[in-house]
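Given next are the chains, with one letter for each unit.
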Amino acid sequence: MRPSFQPRLVNPPFGDPSLYIPFSYRGKAILFDAGDLAPLSSRDLLKVDHIFITHTHMDHFSGFDRILRLCLGRNKILHLYGPDNFLYNLEGKLNSYQWNLVDNFTYQLVIKATEVTGNQRITRIYRCRDGFAAKGEEMGAPLSAILLETPSVSVTAAILDHQIPCLGLALKEHFHINIIKPALTELGLVPGPWLKSFKEYLFLERAPDTVFEVPAQYTQSSSKRFSLGKLADRIVQITAGQKIAYITDVGFTSENIARIITLAEGVDHLFIEAAFLNEDREIAAEKYHLTAHQAGYLAAVCGVERLTVFHFSPRYTDRYDSIYKEAHTAFLHYRHDQTDPPP
Ligand SMILES: [Zn+2]
Ligand SMILES: [Zn+2]
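The structure displayed is predicted, hence computed values, not measured ones. (Residues numbered from 1 in each chain as written. Chains lettered and ligands numbered in written order. Predicted model: local features only at pLDDT ≥ 70, side-chain atom pairs only at ≥ 80, totals over all residues. Heavy atoms only, no water.)

Caption draft 1: Local environment of the pairing of strand E18 (residues 306-310). Of all 5 residues in E18, 4 are buried, a share of seventy percent or more. Of the strand pairs in this sheet, strand E17 (residues 269-273) and E18 are connected by 5 bridges, and their pairing is parallel. Opposite Ile 272, over in E18, you have Val 309 as the bridge partner. (Buried < 20%, exposed > 50% of the residue type's maximum accessible area, 1.4 Å probe, protein only. Helix = DSSP H or I, 4+ residues; strand = E, 2+ residues; numbered from the N terminus. Pairing = 2+ DSSP bridges.)

Caption draft 2: Spotlight on the side chain of Glu 115. By secondary structure assignment, the location of Glu 115 is in strand E6 (residues 110-116). For Glu 115, the side chain forms a polar contact with the main-chain nitrogen of Asn 85, separated by 3.4 Å. Residues in contact with Glu 115, not counting those within four places in the same chain, are Gly 82, Pro 83, Asp 84, Asn 85, Phe 86, Leu 87, Tyr 88, Gln 120, Arg 121 and Ile 122. (Polar contact = N/O pair within 3.5 Å; in protein donor to acceptor, adjacent residues only side chain to side chain. Contact = heavy atoms within 4.5 Å.)

Caption draft 3: Structural context of the packing of helix H6 (residues 194-203) against helix H7 (residues 228-235). Packing of H6 against H7 brings their axes to within 11 Å, and their N-to-C directions diverge by 110°. As judged from the angle between their axes, H6 and H7 are roughly perpendicular. Residues Trp 194, Phe 198, Tyr 201 and Leu 202 of H6 lie in contact with H7, whose contacting residues are Leu 228, Leu 231, Ala 232 and Ile 235. For the contact of H6 with H7, the class distribution of residues is 8 nonpolar, no polar and no charged. (Axes fitted to C-alpha atoms, helices over the stretch in contact; angles between N-to-C directions. Parallel < 35°, antiparallel > 145°, perpendicular 65-115°, else oblique. Nonpolar A, V, L, I, M, F, W, Y, C, P; charged D, E, K, R; others polar.)

Caption draft 4: Seen up close, the coordination of the zinc ion (ligand 2). Within the first shell, the zinc ion (ligand 2) binds the protein through His 55 (NE2), His 57 (ND1), His 162 (NE2) and Asp 249 (OD), at distances of 2.2 to 2.3 Å. In the primary sequence, the donor residues of the zinc ion (ligand 2) line up as H-x1-H-x104-H-x86-D. A spacing of 3.6 Å is found between the zinc ion (ligand 2) and the zinc ion (ligand 1), which share Asp 249 as a donor. Residue His 55 is located in the loop between strand E4 (48-52) and helix H2 (58-61), and its partner His 162 is located in the loop between strand E10 (153-161) and strand E11 (165-173); the two are separated by 107 residues in the primary sequence. (Donors = N, O, S within 2.8 Å, 3.2 Å for Na, K, Ca; no water.)

Caption draft 5: View of the sheet that holds E10. With respect to topology, 6 strands assemble into an open sheet ordered E9-E10-E11-E16-E17-E18, the strand pairing being mixed. The sheet is open, and its two edges are formed by strand E9 (146-149) and E18, each paired on a single side. Between one strand axis and the next, the sheet turns by 15° as a mean value, whatever way the strands run. Here 4 bridges tie E11 to strand E16 (residues 243-247), and the two strands are oriented antiparallel to one another. From the neighbouring strand, Lys 172 faces E16, where its bridge partner is Lys 243.

Caption draft 6: Region of the structure containing the pattern of salt bridges. Counted under the stated rule, the structure contains 10 salt bridges. The partner of Lys 93 in a salt bridge is Asp 65, and the shortest N-O contact between them spans 3.7 Å. Here Lys 93 is found in helix H4 (residues 86-94), whereas its partner Asp 65 is found in helix H3 (residues 64-71), with 28 residues between them in sequence. Exposure remark for Asp 65: the relative accessible area of 26% places this residue in the partly exposed category. Across the pair Arg 319 and Glu 279 runs a salt bridge whose closest N-O atoms are separated by 3.1 Å. (Salt bridge = Lys/Arg side-chain N within 4 Å of Asp/Glu carboxyl O.)

Caption draft 7: Fine view of the coordination of the zinc ion (ligand 1). Looking at the metal site, the zinc ion (ligand 1) is ligated by Asp 59 (OD), His 60 (NE2), Asp 249 (OD) and His 311 (NE2), spaced 2.2 to 2.4 Å from it. For the zinc ion (ligand 1), the 4 donor atoms are set out with angles of 89 to 158° between them, so the coordination reads as irregular. Here the donor residues of the zinc ion (ligand 1) are spaced in sequence according to D-H-x188-D-x61-H. The class of His 60 is buried, set by a relative accessible area of 0%. (Tetrahedral: all angles 85-135°; square planar, octahedral: opposite > 155°, others 65-115°.)

Caption draft 8: Fine view of the sheet that holds strand E8 (residues 134-140). Here we have 8 strands laid out as an open sheet, ordered E1-E2-E3-E4-E5-E6-E7-E8, and mixed in their pairing. Each edge of the open sheet is held by one strand with a lone partner, namely strand E1 (8-9) and E8. As paired strands, strand E3 (residues 29-32) and E4 are joined by 4 bridges and run parallel to one another. Its bridge partner lying in E4, Ile 30 is registered against His 50. Lying on the sheet, H3 is in contact with E3, E4, strand E5 (77-82) and E6; it crosses E5 at an angle near 165°.

So far we have only geometry, and geometry alone does not tell us how the molecule works.
Shown next as structure tokens:
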């Protein structure tokens with residue numbers, strides 16, 4: 001199966017946390033956290049229109065300035081999401097610049113930012129032409145866990161404890177559309193951008209008798225018209241959707257553990273911080289971070305397929321292999337035996 005999205009950490013494990021998630025067929029990307037974004041090209045960043053910030057410690061949010069700088073003067077709506085106090089911190093950033101010449105831009109960036117707490121959800125709109133003054137506040141229902149819902153994917157969140165509220169995030173594809181290549185060939189069709197529209201139609205659950213046209217350059221003759229349902233029956237195999245979760249900067253408390261399991265149970269790939277080694281678990285607890293051992297345990301109890309650890313404390317620069325080893329040893333151990341959870 002060709003994955004629909006291919007998440008990758010922006011930085012090595014001692015660098016700032018950020019997960020870049022490009023979609024293979026839509027030319028779009030999602031960002032979880034925005035620390036140092038230097039390794040991402042401008043082209044990569046311009047694909048991003050939804051950014052989820054776990055919390056506004058600098059290592060998770062300082063890269064926002066680069067995104068803002070890049071998107072200024074573009075016809076774009078940038079959607080941001082963050083925990084309690086997020087709008088205050090975002091407005092602090094937006095208010096730190098002068099915007100008197102923005103009328104010169106042909107295109108005007110719009111930022112739509114949502115703050116989620118246990119009690120409410122507040123969305124404010126910031127337009128470049130207004131000097132990014134907050135407008136149009138919408139109060140929403142309390143966090144229902146779903147932050148973003150599109151026909152193909154959803155992003156859900158859990159409010160976790162890092163001495164301040166910190167979002168755990170999960171991205172789930174509703175189902176996965178596999179194109180059967182030999183069936184395409186049998187119909188005389190060649191893969192091309194038309195498959196993107198075809199998949200969109202399926203995700204949008206258009207009626208099976210909807211007429212779908214494949215352009216001439218992909219049919220080896222003239223354009224061909226199909227009924228959507230019949231074409232899908234011939235060339236599509238539906239499988240379970242791809243699921244990933246991203247957990248960072250959280251204490252190993254019973255409440256956090258329960259919420260992480262609810263969010264990340266059964267995901268294919270878990271990205272989780274492993275800031276400290278087990279030998280320093282008291283420091284980890286004081287700072288509301290996880291140890292590698294705890295990260296491996298959480299991956300095992302969530303039943304994930306694949307584990308990637310990141311956000312290592314700089315104190316282990318010469319011992320990064322110990323962190324990987326500890327996390328993966330715990331992951332393998334607790335997969336078989338969860339009777340003795342970490343200290
Ligand atoms: Zn951090
Ligand atoms: Zn933090």
